[in-house]
Amino acid sequence: MRNDELLALDRAHVWHPYGPMPGRTDPLVVASASGVRLRLAEAAEGRDELIDGMSSWWSAIHGYNHPVLNEAVRGQLDRMSHVMFGGLTHEPAVRLAARLVEITPEPLRHVFLSDSGSVAVEVAVKMCLQHWRSVGRPGKQRLLTWRGGYHGDTWQPMSVCDPEGGMHELWSGVLQRQVFVDAPPVAYEESYAELLRTEIARHADELAAVIVEPVVQGAGGMRFHDPAYLKVLREACDAHDVLLVFDEIATGFGRTGTLFAADQAGVSPDVMCVGKALTGGYLSMAATLCTSRVADGISQGEVPVLAHGPTFMGNPLASAVALASIDLLLSRDWAVDVKRIEAGLRDGLAPVADLPGVKDVRVCGAIGVVQLDHDVDMAAATRAAVRAGVWLRPFRDLIYTMPPFVTGDEDLARICAGVHAAAAAG
Ligand SMILES: *Cc1c(COP(=O)(O)O)cnc(C)c1O
């Protein structure tokens, strides 16, 4: 199909994320992707190839078109691409669940597989509410979170996303009203820890769970915080009979420098969500893990089952590639790569701080963030990055990058130059 025909059809019929209909700006058409490069169907700003600075929203940690991951999908395709999970089971899903239990914090033990991060969060919330209902405390049905979070776009997750300035502000009157505390400060402050303790204690009777993104808040504002706050949450939740949910959908699988962000605090949640990088960016899959305590609670209820069952639950193709992606990650010295990228981002982004209009530059693991003192001019910033040969997708006042872990030093320097160009233009 000719590029202009494709774009005309795209504009007429296809919704894009957080977009209007019909679309107002033309997306770039990607013809193929390999390693850390996206190949465009038609050159833009003189570039027919872009270095990927986004890992396709945190997911493509090994880069694109990886021979090992391709083989995992191909091998599974010849056996079966899908069978229903009700009444049937299969090796890829069972092995994946066991592997997830093995690599996530003790005592997470049971795994609910689903098809996207938002659904994994829905399932986590359902587990927590049902746990309390089943053990005779049905009044515990609200959630507490800190501001600045992002947990997905379906209804329950939306209710714990940052209520102001975020993507879901329109729905503030419609959504379940949850308990919000201020966003966590970057460094540890005892007064903030005290606020967390006080609010959890104050709302304990109505709280089913506290849900947070550990260490890095992603799409709610790309903010980082001291892992010590996670310990405070764990202790306060234990003291007041509240479950603790970690949403590791963005932070999981090494992005922050530890395999899971929870590892930085040595804290185990009662329920944990993973997604995004789970399949190395190949297929849509997420998982909700819980402890035996949570599962046992549900089992002793009047309705002793978890009434959830996505059609494509445990999809064999996704399971097989997820297993291969985890094995690939653990077989490499991934932590060294993340440290190398962290150092490269610190060096490469430091000069950006001197640009006018730049409020903050911060790096955590393989995540680099430039915050402006105004909303980014998306079109100008994206164009400037593309001109520099780099794919970035800024939002609000943020230009950020989380490159694939396999990004070489030279490409990483070019990504930093792309962020610099975007910040100067936007
Ligand atoms: C992306 C994300 C989600 C939602 O995942 P989807 O697969 O997009 O539904 C939830 N929580 C966090 C922390 C995320 O980054």
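- By the naming in an unreviewed UniProt entry, the chain goes by Adenosylmethionine-8-amino-7-oxononanoate aminotransferase and is assigned to Streptomyces gardneri.
- Of the comments in the UniProt record for the chain, the one headed Cofactor (unreviewed entry) reads "pyridoxal 5'-phosphate".

What about the overall build of the chain?
Here's step 1: Helix and strand counts for the chain stand at 13 helices and 16 strands.
Here's step 2: Since a compact globule built from 426 residues should have a radius of gyration of about 22 Å, the 21 Å found for the chain is in line with a globular shape.
Here's step 3: On the principal axes, the C-alpha backbone points of the chain span a range of 65 × 55 × 45 Å.
Here's step 4: Counting over 426 residues, the chain shows a buried share of 53%.
Here's step 5: Long-range contacts, defined as pairs at least 24 residues apart, comprise 71% of the intrachain contacts of the chain with a sequence gap of at least 6.
Here's step 6: As displayed, the chain offers around 18,000 Å² of accessible surface, 53% of which is attributable to carbon and sulfur atoms.

Here's the deal with the UniProt feature "binding site: pyridoxal 5'-phosphate" (unreviewed entry) in the chain
Here's step 1: Following the UniProt record, one finds the feature "binding site: pyridoxal 5'-phosphate" (unreviewed entry) at Gly117, Ser118, Asp247, Pro310 and Thr311. These residues run over 195 residues, and the two farthest C-alpha atoms among them are 22.9 Å apart, placing them at more than one spot.
Here's step 2: Positionally, Gly117 belongs in helix H5 (residues 117–134).
Here's step 3: What makes Gly117 buried here is its relative accessible area of 17%.
Here's step 4: Beyond its immediate chain neighbours, meaning those up to four positions away, Gly117 contacts Ile249 and Ala286.
Here's step 5: For Thr311, the location among the structural elements is in the loop between helix H9 (292–299) and helix H10 (316–331).
Here's step 6: A relative accessible area of 60% places Thr311 in the exposed class.

Analysis parameters
- Residues numbered from 1 in each chain as written.
- Predicted model: local features only at pLDDT ≥ 70, side-chain atom pairs only at ≥ 80, totals over all residues.
- Heavy atoms only, no water.
- UniProt positions renumbered as here; feature names shortened; annotations may be inferred.
- Helix = DSSP H or I, 4+ residues; strand = E, 2+ residues; numbered from the N terminus.
- Rg over C-alpha atoms; globule rule 2.2 N^0.38 Å.
- Buried < 20%, exposed > 50% of the residue type's maximum accessible area, 1.4 Å probe, protein only.
- Contact = heavy atoms within 4.5 Å.
- Areas by Shrake-Rupley, 256 points an atom, 1.4 Å probe, with all protein chains shown as cover.

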